[in-house]
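Residues per chain, in single letters:
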Amino acid sequence: MRRPNRPNAAVIVAAVLALAAVLPAPATGPTSATSAPAPRPGEAELAAEVSASRLLATVHDLVALGPRMGGTPSGDRAAAYLQAAFARLGLDTDVVEDPPALAHWEESWSVELLSGGKLATAWPYGFSPAVGPATGELVVVEDLAAVAAMAAASPAWGGKVIYTPRDVPAVYSRLAKLAHPPLAILTSHPNDPPRYVDAALIRNLPPRAGNPIAVFAVSYDEGRRLAAAAARGVSSASGASGAGGASVRVALRSTVRQGRSRTVVATLPGSDAENYYLICAHGDSDSGGPGADDNASGEATVLEMARVFAALERGRRIPRPRVSLRFAVWGSEYASSGAYVAREGEKLRHCLGVINFDETGTGAEREAVYFESNEVPWNARLLRTLDEVGADYVGKPGFWPEYTTNPSQGGTDSYAFLPPPYKGELKSGLQIPATTIYTAAWDKLATVKQTPGWRSRGTPDPDNLKLDYSRYYHSSGDTPENTTDRKPQSMPRAVKAASLALLRLAFY
């Protein structure tokens, strides 16, 4: 497994201080008002305890372990790392093995254009089979979905390496049936809107063992290199162009087999030990890439919250919580949170609320923190508390220039606790408050209408919300250097927002 270099703690701290010194004043959203309420008991101590350098160091540690997908060696290493970290905080910690599921991991790979060197951004699609080392002639195919063209090209594609700028998963099942399959397929994002210019968008093939053709994603720029190398070729009836001698060497060592995700759960007990708030994040890079923002940032946020609360309680700077705080890092997004729901059954009625973190480490266009699912009726107390915290601290040094609650967007672990009418999967009649806190979502700016009855004052247009995104979502470029290191202020904001809300909900 390829691993990024990890800077030492001094480098991380220096980067944090340097970036903090040059961060511009917020251009949007309200500034702190003289009428803002004074901090409540323990809030100043809590905010001061949050450590940006620890958050960044945790992200580097996790990314160095690999993609951390459930049921894989890197996933097991990550679970062991988290278990040890929670135990050092003095928390009761359990590791739960989730039900078996098909898992994939890629030990090593290489894609080299023989006339132009290695493709640095190349990353295998999940569930790709092992291949090579082997060399094939480069062929460019603009539209793999053209069924007639595929039929005509089948003999010509045997043993060659196809490059296409179009979507592969949508037509992979057809390609898998070719009598003369290619050696491998290389694909890039079409750059519309402009994304993934310097990184590869990673996707999965059908989740099964025995897929016949390995697929590698490359960046838009490296896709253009491939197209240029093939430009000397002659057109054929298949719509493909020969490479005029250009060849690509590919190699991939990969494994596909059954595995069991490991979910780590730690508890800070309250006076009422039975009832609890659940603070969680998925621990895998569900794309199979480096996963710094998605979702080592969420893991680091959960771990830092646990550290802050444990330290403050141990030092008697805050009281013992009235109810327990349960911290969970899911081995696999959705699968593990769904397994938790199934295991808990009716005991979930003791869960007073779920605070999930997903992508808390970056943002492309804004400096915001978001609190999701305000249209769920039984989320009112949880979301109103987060909204109040947002309003109390917006514009203050060390906090958020912008914030808002927003309606459900779906696609993350808080929805394992919500029913289908709210984009969720919960089948029981339990009404469990559940939100996701994030600073970015997906790969493009979203504009959504605010839920009637909600109007956060910490956003420029309270009725038409702008939800920020990651420039490196689900890509080979989701590294600390591209995401969390560039915005070291993002994770501390998420920690502070959620922790201050929990201090009001669970302590006082």
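Scroll up a little and you will see the structure.
What counts and what doesn't
Residues numbered from 1 in each chain as written. Predicted model: local features only at pLDDT ≥ 70, side-chain atom pairs only at ≥ 80, totals over all residues. Heavy atoms only, no water. Helix = DSSP H or I, 4+ residues; strand = E, 2+ residues; numbered from the N terminus. Buried < 20%, exposed > 50% of the residue type's maximum accessible area, 1.4 Å probe, protein only. Contact = heavy atoms within 4.5 Å. Areas by Shrake-Rupley, 256 points an atom, 1.4 Å probe, with all protein chains shown as cover. Polar contact = N/O pair within 3.5 Å; in protein donor to acceptor, adjacent residues only side chain to side chain. Phe/Tyr/Trp six-rings, centres within 6.5 Å; stacked < 30°, edge-to-face > 60°. Lys NZ or Arg CZ within 6 Å of the ring centre and 35° of its normal. Axes fitted to C-alpha atoms, helices over the stretch in contact; angles between N-to-C directions. Parallel < 35°, antiparallel > 145°, perpendicular 65-115°, else oblique. Left-handed = near helix turned anticlockwise from the far one by under 90°. Nonpolar A, V, L, I, M, F, W, Y, C, P; charged D, E, K, R; others polar. Lys, Arg positive; Asp, Glu negative; His and termini not counted. Salt bridge = Lys/Arg side-chain N within 4 Å of Asp/Glu carboxyl O. Pairing = 2+ DSSP bridges.

Novice: Any details on the overall build of the protein chain? Residues and values, ideally.
Specialist: Across its full length, the protein chain holds 11 helices and 16 strands. In the protein chain, buried positions account for 59% of the 508 residues. Put simply, 81% of the contacts in the protein chain that link residues at least 6 apart link residues at least 24 apart. Entry remark: accessible area of the protein chain is about 19300 Å², with carbon and sulfur atoms responsible for 53%.

Novice: Got a sec to walk through the environment of T121? Specific residues and values, please.
Specialist: Within the secondary structure, T121 sits in the loop between β2 (117-118) and β3 (123-124). In this structure T121 comes out as buried when scored by relative accessible area, which is 12%. It is 7.3 Å that separates the C-alpha atoms of T121 and D198, two residues lying 77 residues apart in sequence. In this structure, T121 is in contact with D198, A199, A200, A217, V218, S219, E222 and S476, ignoring residues within four places of it in sequence. At 3.0 Å, the side chain of T121 forms a polar contact with the backbone nitrogen of S219.

Novice: Can you break down the packing of aromatic side chains residue by residue, with the values?
Specialist: Scanning the model with the defined rule gives 11 aromatic pairs in all. Ring geometry for Y393 against W400: centres 6.4 Å apart, planes inclined by 65°, an arrangement best described as edge-to-face. Overall, W400 belongs to the buried group, its relative accessible area being 0%. The aromatic ring of Y393 is capped on one face by K396, whose charged end is 5.0 Å from the ring centroid. Residue placement shows K496 over the ring face of F399; its charged tip is 4.9 Å from the ring centre.

Novice: Pulling in residues and values, what's your account of the environment of D293?
Specialist: Note that D293 resides in helix α8 (residues 292-314). For the pair formed by D293 and T439, sequence separation is 146 residues and the distance between their alpha carbons is 9.9 Å. What D293 contacts, discounting residues up to four positions off in sequence, is G298, E359, T360, G361, T362, S470, D478, T483 and T484. Here G361 takes part through its backbone nitrogen, which lies 2.9 Å from a polar atom of the side chain of D293.

Novice: I'd like a rundown of the packing of helix α3 (residues 52-64) against α8, residues and numbers included.
Specialist: Two numbers describe how α3 lies on α8: the axes approach to 9 Å, and their chain directions differ by 130°. Judged on the interaxial angle alone, α8 and α3 are oblique. Where α3 crosses over α8, the two elements pack in a sense that is right-handed. Judged by residue contacts, R54, L55, T58, V59, L62 and V63 of α3 engage A292, A296, S297, E299, A300, T301, L303, E304 and R307 from α8. In terms of residue class, the contact of α3 with α8 is built from eight nonpolar, three polar and four charged.

Novice: Break down the side chain of E333 for me, citing the residues and quoting the values.
Specialist: Tracing the backbone through its elements, the reader meets E333 in the loop between β10 (323-330) and α9 (335-344). Of the side chains bearing the opposite charge, R68 lies closest to the buried E333, which forms no salt bridge; the N-O distance is 11 Å.

Novice: Please provide a residue-by-residue account of the pairing of strand β7 (residues 214-217), values included.
Specialist: Residues A214 and F216 point to one face of β7 and V215 and A217 to the other, with burial holding for every one of them. Both β3 and β7 contribute to a ladder of two bridges, which runs antiparallel. The residue of β7 that forms the bridge with P124 is F216. Looking at chain direction, strand β6 (residues 184-187) and β7 are connected through four bridges and run parallel. For L186, the partnering residue across the bridge sits in β7 and is F216.

Novice: I'd like a rundown of unusual backbone geometry, residues and numbers included.
Specialist: Only a minority of non-glycine residues have a phi that is not negative, and only a minority of peptide bonds are not trans. In this model, G132 is joined to P133 through a cis peptide bond whose omega is 5°. One can find P133 in strand β4 (residues 131-141). In this model, D294 is joined to N295 through a cis peptide bond whose omega is 15°. If you trace the backbone, N295 turns up in helix α8. The phi dihedral of F127 falls on the positive side, at around 70°, and the residue is not glycine. With respect to the helices, strands and loops of the structure, F127 is situated in the loop between β3 and β4. Taking relative accessible area as the criterion, F127 reaches 8% and is therefore assigned buried. Although it is not a glycine, S373 sits at a positive phi angle of roughly 75°. If you trace the backbone, S373 turns up in the loop between β12 (368-372) and α10 (380-393). The buried category is assigned to S373, whose relative accessible area is 0%.

Novice: Requested: an account of the pattern of salt bridges, with residues and values cited.
Specialist: For the coordinates displayed, the defined rule picks out 20 salt bridges. In this structure, D76 engages R262 in a salt bridge whose closest nitrogen and oxygen atoms are separated by 3.4 Å. On the criterion of sequence distance, the pair formed by D76 in helix α4 (residues 73-88) and R262 in strand β8 (residues 240-268) is long-range, its members being 186 residues apart. According to the relative accessible area criterion, D76 is partly exposed, its value standing at 24%. Salt-bridge contacts for R493 lead to E367; the nearest nitrogen and oxygen are separated by 2.6 Å. One end of the pair, R493, is in helix α11 (residues 490-507); the other, E367, is in the loop between β11 (351-357) and β12, and 126 residues separate them in sequence. A single salt-bridge network, built from bridges that share partners, covers E49, E304, R307 and R317.

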